[in-house]
Amino acid sequence: MKIIYFSRTGIFAPAVAAGIHLNQLPVHPPSMPEEILSLPQFHPEYRADNSPVLAGQDCRGHDIYILGINFDRHLVTRLIESFAGMYDLPAASWRMVDLEHRKPALSLPLVLYRSLRLRKMEIHVIALHLLRVYPFLADQVVNLSRELDLQT
Amino acid sequence: MKIIYFCYGGSHSSIAAAATHLGLLPLTGDWQGKQLLGLPYFDVQVASEHGRFQFMGTDLEGHQVYTIASRNLKNFVELVRGLAAMFSIPQEDLFIVSTKPCINWTMAVGGFLSRHWGIIWLGRPIVVWGTKKSFFSFVTLVGQVKAELPKTPVSLLYPGGSVK
């Protein structure tokens, strides 16, 4: 199965979820953002291009993808569902996990760093924000893992 | 191969291009508004349907022609190609064409009035008029697409038969 963690707010939340899924990050929130910052997607030079990126393969043999869309998530969900339908791909062969969360990442420092193109600082603020929503992301991964365990 | 024509709303320019490709509209431009309005999906798409691939038909070469509304989704082509890679579908099976260059301002205004504001009685005649005005840019676009498509050997299209 192909599992796609996606978020309307970019690639970072999916990268953290995939990190938890692949045991690169702990289920419990780390106290400092360094562990999150060690993921390749948090490198200042990393550029995502709105297409699914393979993050790795989990212990069950599922391919874990991440997708940051920066757009209407319903449209992208429909697009992926419709694409799978166009090629008659079985529904059980893929799964999308929406990481939409309520806490907005936008903050004054983030806007400031982004407008000044201080990429490193911007990523640091994003990592701090992801620490706040970490329990939500971990819950999504744990729930999915339980579901997958029940299936096998 | 699947040929995908895409535009903002998937209601007008992508449908006109796909219809031109499939020969549903005479290439001479000698067609009536009724013919355009009779095309599947023309000026009926709603926002909740955006992002769905719509099958329009199969061309004489055996290629399947689809349309889709991509709205202002950046890197739409990269996303679709990325999905193909993820599902191990050969990139050569997809031919993705933007029809946005064929859109004139009358099509844009008419389409906006009809689809966005729901003023169909006003928007629809304007978008039909705009499509007629821009029709030869669709013919040119489709001609370029067909020139780039790989030709299917006749023996594969009509196994054991011949074509006059």
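In this report, the structure presented in the accompanying data block is examined. (Residues numbered from 1 in each chain as written. Chains lettered and ligands numbered in written order. Predicted model: local features only at pLDDT ≥ 70, side-chain atom pairs only at ≥ 80, totals over all residues. Heavy atoms only, no water.)

1. Structural notes on the overall build of chain A
To keep things clear, this is the line we draw: Helix numbering and strand numbering both begin at the N terminus, where a helix is a DSSP run of H or I of at least 4 residues and a strand a DSSP run of E of at least 2. Just to be clear, the radius of gyration here is over C-alpha atoms, and the globule rule we use is 2.2 Å times residues to the power 0.38. Using a 1.4 Å probe on the protein chains alone, a residue whose accessible area is under 20% of its type maximum counts as buried, one over 50% counts as exposed, and one in between counts as partly exposed. The contact rule is simple, with two residues in contact once any of their heavy atoms fall within 4.5 Å. Surface accessibility follows the Shrake-Rupley procedure with a 1.4 Å probe radius. Residue values consider only the protein chains on display as shielding. By the counting rule applied here, Lys and Arg register as positive and Asp and Glu as negative, while His and the ends of each chain are not counted. Note on charges: their place is set at NZ of Lys, CZ of Arg, CG of Asp or CD of Glu.
Within chain A one finds five helices and four strands. If you list the helices and strands of chain A from N to C, you get β-α-α-β-β-α-β-α-α. For 152 residues, the compact-globule estimate of 2.2 N^0.38 gives 15 Å, and chain A sits close to it at 16 Å. Judged by the C-alpha coordinates and their principal axes, chain A covers about 45 × 30 × 25 Å. Within chain A, the proportion of its 152 residues that are buried is 48%. Considering only contacts in chain A between residues 6 or more positions apart, those separated by 24 or more positions represent 72%. Total accessible area on chain A is roughly 7,800 Å²; 56% of this is exposed by carbon and sulfur atoms. Considering chain A, the positive charge centre built from 15 side chains and the negative charge centre built from 15 side chains are found 7 Å apart.

2. Some thoughts on the packing of helix α1 (residues 13-21) of chain B against helix α6 (residues 135-148) of chain B
Residues and elements named next belong to chain B. We apply this condition: As a rule, the C-alpha atoms of each element are fitted with a line to give its axis, helices using only the stretch in contact, and angles between N-to-C directions run from 0 to 180 degrees. Convention used here: angles under 35 degrees read as roughly parallel, angles over 145 as roughly antiparallel, angles from 65 to 115 as roughly perpendicular, and any remaining angle as oblique. Each crossing gets its handedness from the near helix: less than a right angle anticlockwise from the far helix is left-handed, clockwise is right-handed. Residues are grouped as follows: nonpolar covers Ala, Val, Leu, Ile, Met, Phe, Trp, Tyr, Cys and Pro; charged covers Asp, Glu, Lys and Arg; every other residue, Gly included, is treated as polar.
For the pair α1 and α6, the least separation of the axes is 9 Å and the interaxial angle reads 60°. Taken together, the axes of α1 and α6 are oblique relative to one another. Pair α1 / α6 crosses with right-handed handedness. Of α6, the residues touching α1 (which contributes S13, A16, A17, T20 and H21) are F135, F138, V139, V142, V145 and K146. The class makeup of the residues in the contact of α1 with α6 is seven nonpolar, three polar and one charged.

3. Quick word on the sheet that holds strand β2 (residues 54-58) of chain B
Residue and element names in this part refer to chain B. Put simply, the rule reads: A pair of strands is treated as paired once DSSP finds two or more bridges between them.
Ordered in space as β2-β3-β1-β4, the four strands form an open sheet in which the pairing is mixed. Looking at which strands have only one partner, the edges of the open sheet turn out to be β2 and β4 (94-98). Neighbour-to-neighbour, the strand axes of the sheet open up by a mean angle of 25°, direction not taken into account. Sheet topology note: the β2/strand β3 (residues 64-69) ladder contains four bridges and is antiparallel. Looking across to β3, one finds that F55 is bridged to Y66. In the packing of α6 onto the sheet, contacts are made with β1 (2-7) and β4, and the angle to β4 comes to roughly 160°.

4. Some details on the interface of chain B and chain A
Interface extent is often summarised as the accessible area lost during association of the parts. Inclusion rule: What gets called buried area is simply the loss in accessible area from a 1.4 Å probe that two parts show on being joined, summed for both. We count a salt bridge whenever a side-chain nitrogen from Lys or Arg sits within 4 Å of a carboxyl oxygen from Asp or Glu. By the criterion applied in these results, polar contacts are pairs of N or O atoms within 3.5 Å in which, for protein atoms, one can donate a hydrogen and the other can accept it, and in which residues neighboring in sequence qualify only through two side-chain atoms.
Taken together, the 30 residues of chain B in the interface contact 22 residues of chain A. In total, about 2,300 Å² of surface goes out of reach between chain B and chain A, with carbon and sulfur atoms giving 73% of it. It is B:L79, B:M86 and B:F87 in chain B that bury the most area against chain A; as a group they hold 29% of the surface buried on that side. Between chain B and chain A we count one salt bridge in total. Note that A:D72 is salt-bridged to B:R71, the shortest N-O span being 3.4 Å. Where chain B packs against chain A, one counts eight residue pairs in polar contact (both at pLDDT 80 or more). Top element by residues in the side of chain B that touches chain A is helix α3 (residues 76-86) of chain B. It accounts for eight residues.

5. Some remarks on the state of the cysteines
All names here are of chain B. Counted only if it meets this: Here, a disulfide means two cysteine sulfur atoms that sit within 2.5 Å of each other.
Applying the stated rule across the entire model yields zero disulfides over all chains. Here C102 stays free of any disulfide, with the sulfur of C7 as its closest cysteine sulfur at 10 Å. Taking the relative accessible area as the measure of exposure, C102 reaches 5% and is therefore buried.

6. Quick notes on unusual backbone geometry
In this structure, B:D43 is a non-glycine residue whose phi angle is positive, near 55°. Non-glycine residue B:S88 carries a positive phi angle of around 55°.

7. A few points about the pattern of salt bridges
For the structure shown, the criterion picks out nine salt bridges over all chains. As a salt-bridge pair, A:R73 and A:D98 come within 2.4 Å of each other at their nearest N and O atoms. With A:R73 in helix α3 (residues 73-86) and A:D98 in strand β4 (residues 94-98), the pair connects residues that are 25 residues apart, well separated along the chain. In this structure, B:R52 and B:E49 form a salt bridge, with 3.5 Å as the shortest nitrogen-oxygen distance. We classify B:R52 as partly exposed; its relative accessible area is 30%. Judged by its relative accessible area of 34%, B:E49 is partly exposed. Each of A:D58, A:R60 and A:D149 takes part in salt bridges that share partners, so that together they form one network.

8. Remarks on the pairing of β4(B)
All names here are of chain B. With respect to burial, β4 is a largely interior element, four of its five residues being buried. In this structure, β1 lies alongside β4, joined through five bridges in parallel fashion. When the bridges of β4 are listed, I4 appears paired with I96.

Bear in mind that shape data such as this cannot, by itself, settle questions of function.
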